[in-house]
Protein chains: 2
Amino acid sequence: MNAPLTLDRIRVVLTRPSHPGNIGAAARAMKTMGLHDLWLVAPTSFPDPVAVARASGAADVLDHAQVTPTLSQALAGTVFAAALTARRRDLALPRAAPREAAAELLAWREKGDVALVFGNEASGLTNDELALCARPVTIPTSPDYSSLNLGAAVQLMCYELRLAALGETAPFAAEPLPDPATHEEIEGFFAHLEAGIVASGFLDPAKPRRLMPRLRRLFGRARLEKEEVAILRGIVASFITPTNK
Amino acid sequence: MNAPLTLDRIRVVLTRPSHPGNIGAAARAMKTMGLHDLWLVAPTSFPDPVAVARASGAADVLDHAQVTPTLSQALAGTVFAAALTARRRDLALPRAAPREAAAELLAWREKGDVALVFGNEASGLTNDELALCARPVTIPTSPDYSSLNLGAAVQLMCYELRLAALGETAPFAAEPLPDPATHEEIEGFFAHLEAGIVASGFLDPAKPRRLMPRLRRLFGRARLEKEEVAILRGIVASFITPTNK
C-alpha cells in the first residue's frame, strides 16, 4: 500500500566502535527502518561472530559494510553529515534534535550521499571528527542518566529518518473499515435494551434518571458495528427469555 | 534549563521476556528517557547477571522491577494500557503509531497509572493479553525486515514519551477527561457479564465462539468510565435477579 521507501544514499557511520555486539545491533536497527549502508571507521573487531549474532536477520548489512581507517574517508563523496553528540561543545554549530536532523538529511540527500555519524561508545567523537560534520545532533535524554547505548541511538535516528521519509503518509496501510450498524439498527437495539431493563426493574420509567442518555453516550463512543448490534440484541433477548432454564 | 520531567506512573511491562539481556537493555533504555517503573510478567530468567550487565548504569531500575505471573496482575490499578503489536489482528482496536500512543498515555496518566506493554521476543502478545489493553501500537518498520529488537522497541517508545512530555501538550489534552474505570473494574464487569450470559444460555462455555473477545473489543473501543461499569453491572445483575417480578 505504501510506495517502497528509498532510504538509500544515507550512510550510517560508526566511528571506532569498541563492541562488535553494538555493530550487529546497529545493523539490525538500520534494516528494520529500511537503511542498509553501514560504514565502520577503525572498528576494534570486525568482522566478528558477536556482531553477526546480534544482527539477527540483518547479517547482509554487515556483509556489505565498508571499513575505513578514518572518518574523513568514510565521508568521501557525501554532501552533508550529521553527527551525534551527547554534550554541547565549545565552538560547536547549532545543535539539532533528531527529528530536525532527519529532515535535514533527507533534504540534502537530494543533492548527493549523506551521512549520520556516531562516535565511540565511551568517548564519543573527537573535536576533529566533529568538525568534519555539518550538523551536531543531540538526542534528548534524562539529565540523570544520559548513557544511551550505541545500537539504541542508531535505532532512534533511523526511526526518525523512516518517519521523515514516510512524511505525511499514514504509517501503516489503511485498515479495512468495519461494517457499521445503521441508525435504525442502533435505535432498534436501544429500544430493545430499554424494554429489557424496564422488565428487569433496573430502569423505572417513572424515574428514568439519565440512564438511557448515559448508555447512548457509552455505545456512541464505541461506534457499533452491524454484527455487534446483533450480539447485543441476542444478549438482551437471552436475558428476557432465558434459553437454558 | 528544562524543568524536571515527571515520567513516573508509566509502567513498562515486558510480557514473558525470554532473554535477560533484553530486560537489561529495556531498563537502560527506560532510564535514559526518564522512566523507572519496570514490570516483568513471567520472565524466563530474572534476576540475572546478564540483565545487570546490559543495564549498565540502570541497575536500579532492575532492582525495583515488579514481577507478576500474569499480565492482568501487572495491569492492576492502571487506567489505560497501550500494547505493542507488530501485526494487525482480527478484532483489533484501531492501531496507533508510537507518537499518537505516547500522547494518549500521557493524557490518561492524568487519571492514574498507565502501562506500555511489550510481548515476548519471538511470539509477541497472545490475543488474550492484547485484549486486556485499550490501544494497540505498531512501530512502522520496513516491510522487508520488521524484526525490531525488544530493547530497541522499548527505547523508541520511551523516546516518544519523553518527547511528548517535553513538547506541546497533546492535541486532546484540553478536553476534560472522564473518570476511567480501572483494569480491575473492567475485568470485574467482563467476568460478571460472562457469568450472566452463560446463565442465560447465550454463551455456551463448550462452544464460546469468539463472543467474549468481540465484547471486549466493543467495550474496549468505548473505554469505559467508572460509573458506566457500575451501570452495566447493575443491568447484568438486574437480569440475573430481576427486582420487579
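Keep in mind that this is a model prediction, so the values were computed, not measured. (Residues numbered from 1 in each chain as written. Chains lettered and ligands numbered in written order. Predicted model: local features only at pLDDT ≥ 70, side-chain atom pairs only at ≥ 80, totals over all residues.)

Q: Any details on the overall build of chain A? Residues and values, ideally.
A: Looking only at helices and strands, chain A features ten helices and six strands. Burial analysis of chain A (245 residues in total) assigns 41% to the buried set. Put simply, of all contacts in chain A between residues at least 6 apart along the chain, 83% involve residues at least 24 apart. (Helix = DSSP H or I, 4+ residues; strand = E, 2+ residues; numbered from the N terminus. Buried ≥ 20, exposed ≤ 12 C-beta atoms within 10 Å, placed from the backbone. Contact = placed C-beta atoms within 7 Å.)

Q: Break down the sheet that holds strand β1 (residues 10-15) of chain B for me, with residues and values.
A: Residues and elements named next belong to chain B. The strand order β3-β2-β1-β5-β4-β6 describes an open sheet built from six strands, whose pairing is parallel. Where the open sheet ends on each side, the last strands, each with one partner, are β3 (66-68) and β6 (135-137). Direction aside, neighbouring strands of the sheet carry axes that sit 25° apart on average. Pairing of strand β2 (residues 37-41) with β3 involves three bridges; the strand directions are parallel. (Pairing = 2+ DSSP bridges. Axes fitted to C-alpha atoms, helices over the stretch in contact; angles between N-to-C directions.)

Q: Describe in detail the sheet that holds strand β3 (residues 66-68) of chain A, supporting the description with residues and values.
A: Residues and elements named next belong to chain A. The sheet built from six strands is open, its strands ordered β3-β2-β1-β5-β4-β6 with parallel pairing. One side of each edge strand has no neighbouring strand; the edge strands of this open sheet are β3 and β6 (135-137). Across the sheet, the mean angle from the axis of one strand to that of its neighbour is 25°, orientation sign disregarded. As judged from the five bridges shared by strand β4 (residues 78-84) and strand β5 (residues 113-118), these two strands associate in the parallel manner. The residue bridging Thr-78 from the neighbouring strand is Asp-113, located in β5. Sheet strands touched by helix α7 (residues 150-166): β1 (10-15), β4 and β5. Its angle to β5, the strand with the most contacts, is close to 150°.

Q: Before we move on, could you go through the environment of B:Pro47 and cite the residues and values that matter?
A: Tracing the backbone shows B:Pro47 in the loop between β2 and α2 (49-55). On the basis of neighbour counts, which here come to 16 C-beta atoms within 10 Å, the residue B:Pro47 falls in the partly exposed class.

Q: Account for helix α10 (residues 226-240) of chain A, with residues named and values stated.
A: In this model α10(A) runs 21 Å from its N-terminal to its C-terminal C-alpha over 15 residues, within 8% of the 21 Å that 1.5 Å per residue would give. If you check which residues of α10(A) are buried, you get A:Glu228, A:Val229, A:Leu232, A:Ile235, A:Val236 and A:Phe239. The arc that holds the buried residues of α10(A), viewed along the axis, is 125°, so those residues lie on one side. Those residues of α10(A) that are buried are in contact with α8 (183-200) of chain A together with α8 (183-199), α9 (211-222) and α10 (226-240) of chain B. (Expected span 1.5 Å × (residues − 1). Arc of directions from axis to C-beta.)

Q: Talk me through the interface of chain A and chain B; I want residue IDs and the actual numbers.
A: Interface size is commonly expressed as the accessible surface area that is lost when the partners come together. Opposite the 47 residues of chain A that make contact, chain B presents 48 residues. Counting residues per element, the ones that place at least two in the side of chain A that touches chain B are α1 (20-32), α7, α8, α9 (211-222) and α10 of chain A. Considering only residue class, the side of chain A that touches chain B consists of 22 nonpolar, 17 polar and eight charged. (Nonpolar A, V, L, I, M, F, W, Y, C, P; charged D, E, K, R; others polar.)

Q: Go over unusual backbone geometry, please, and point to the residues and values.
A: Residue and element names in this part refer to chain A. Here the amide bond leading from Phe-46 into Pro-47 is cis, since omega sits at -5°, within 30 degrees of zero. If you check the backbone angles, Arg-209 has positive phi at about 45° while not being a glycine. Mapped onto the fold, Arg-209 is located in the loop between α8 and α9.

Q: Please set out the packing of α9(A) against α9(B) residue by residue, giving values where relevant.
A: Two elements in contact, α9(A) and α9(B), have axes whose closest approach is 6 Å; the angle formed by their N-to-C orientations is 105°. By the criterion of interaxial angle, the relationship of α9(A) to α9(B) is roughly perpendicular. Touching A:Leu218, A:Arg221 and A:Ala222 of α9(A) are B:Leu218, B:Phe219, B:Arg221 and B:Ala222, all from α9(B). Its residues assigned to classes, the contact of α9(A) with α9(B) shows five nonpolar, no polar and two charged. (Parallel < 35°, antiparallel > 145°, perpendicular 65-115°, else oblique.)

Q: Tell me about the packing of helix α1 (residues 20-32) of chain B against helix α7 (residues 150-166) of chain B, and please be specific about residues and values.
A: Residues and elements named next belong to chain B. Running from amino to carboxyl end, α1 crosses α7 at an angle of 15°, the nearest separation of the two axes being 8 Å. In terms of orientation, α1 and α7 fall into the roughly parallel class. Two packed elements cross with a definite hand, and for α1 against α7 that hand is right-handed. Residues Asn-22, Ala-25, Ala-26, Ala-29 and Met-30 of α1 form the contact with α7, whose participating residues are Leu-150, Gly-151, Val-154, Gln-155 and Cys-158. Taken together, the residues that form the contact of α1 with α7 break down as seven nonpolar, three polar and no charged. (Left-handed = near helix turned anticlockwise from the far one by under 90°.)

Q: Give me the pairing of β1(A): which residues, what numbers.
A: Successive side chains on a regular strand alternate, one facing one side of the sheet and the next facing the other. Residue and element names in this part refer to chain A. Most of β1 sits out of view: six of its six residues are buried. Burial of the side chains of β1 extends over both faces: Ile-10, Val-12 and Leu-14 are buried on one face and Arg-11, Val-13 and Thr-15 on the other. Judged from the five bridges that link them, β1 and strand β2 (residues 37-41) form a sheet pairing that is parallel. Across the sheet, residue Val-13 finds its bridge partner in β2, namely Trp-39.

Q: Tell me about the nonpolar core, residues and numbers included.
A: Counting 118 residues, the largest nonpolar core has A:Val117, B:Val117 and B:Leu161 as the members making the most contacts within it. The element that contributes the greatest number of residues to this core is α7(B), accounting for eleven residues. Beyond its immediate chain neighbours, meaning those up to four positions away, A:Val117 contacts A:Val13, A:Thr15, A:Leu71, A:Ala81, A:Ala82, A:Ala83, A:Leu84, A:Leu125 and A:Cys133. In this structure, A:Ala181, A:Leu232, B:Ile186 and B:Leu203 belong to the second largest nonpolar core, which totals 29 residues. (Core = buried A, V, L, I, M, F, W, Y, C linked by C-beta atoms within 7 Å.)

Q: Lay out the pairing of strand β4 (residues 78-84) of chain B in plain terms, naming residues and giving numbers.
A: All names here are of chain B. When you tally the buried positions in β4, you get seven out of seven residues, the bulk of the element. Direction of pairing for β4 relative to β6: parallel, over a ladder of three bridges. Bridging from a neighbouring strand, Ala-83 pairs with Pro-136 of β6.

Q: Account for the confidence of the model for chain A, naming residues and giving values.
A: Residue and element names in this part refer to chain A. The predicted model of chain A averages 88 in pLDDT, with 90% of residues at 70 or higher. Throughout residues 168-174 the model reports pLDDT below 50, and contacts reaching past four residues in sequence, or to other chains, amount to ten contacts. With pTM at 0.81, the complex prediction returns an ipTM value of 0.79. (pLDDT = per-residue confidence, 0-100.)

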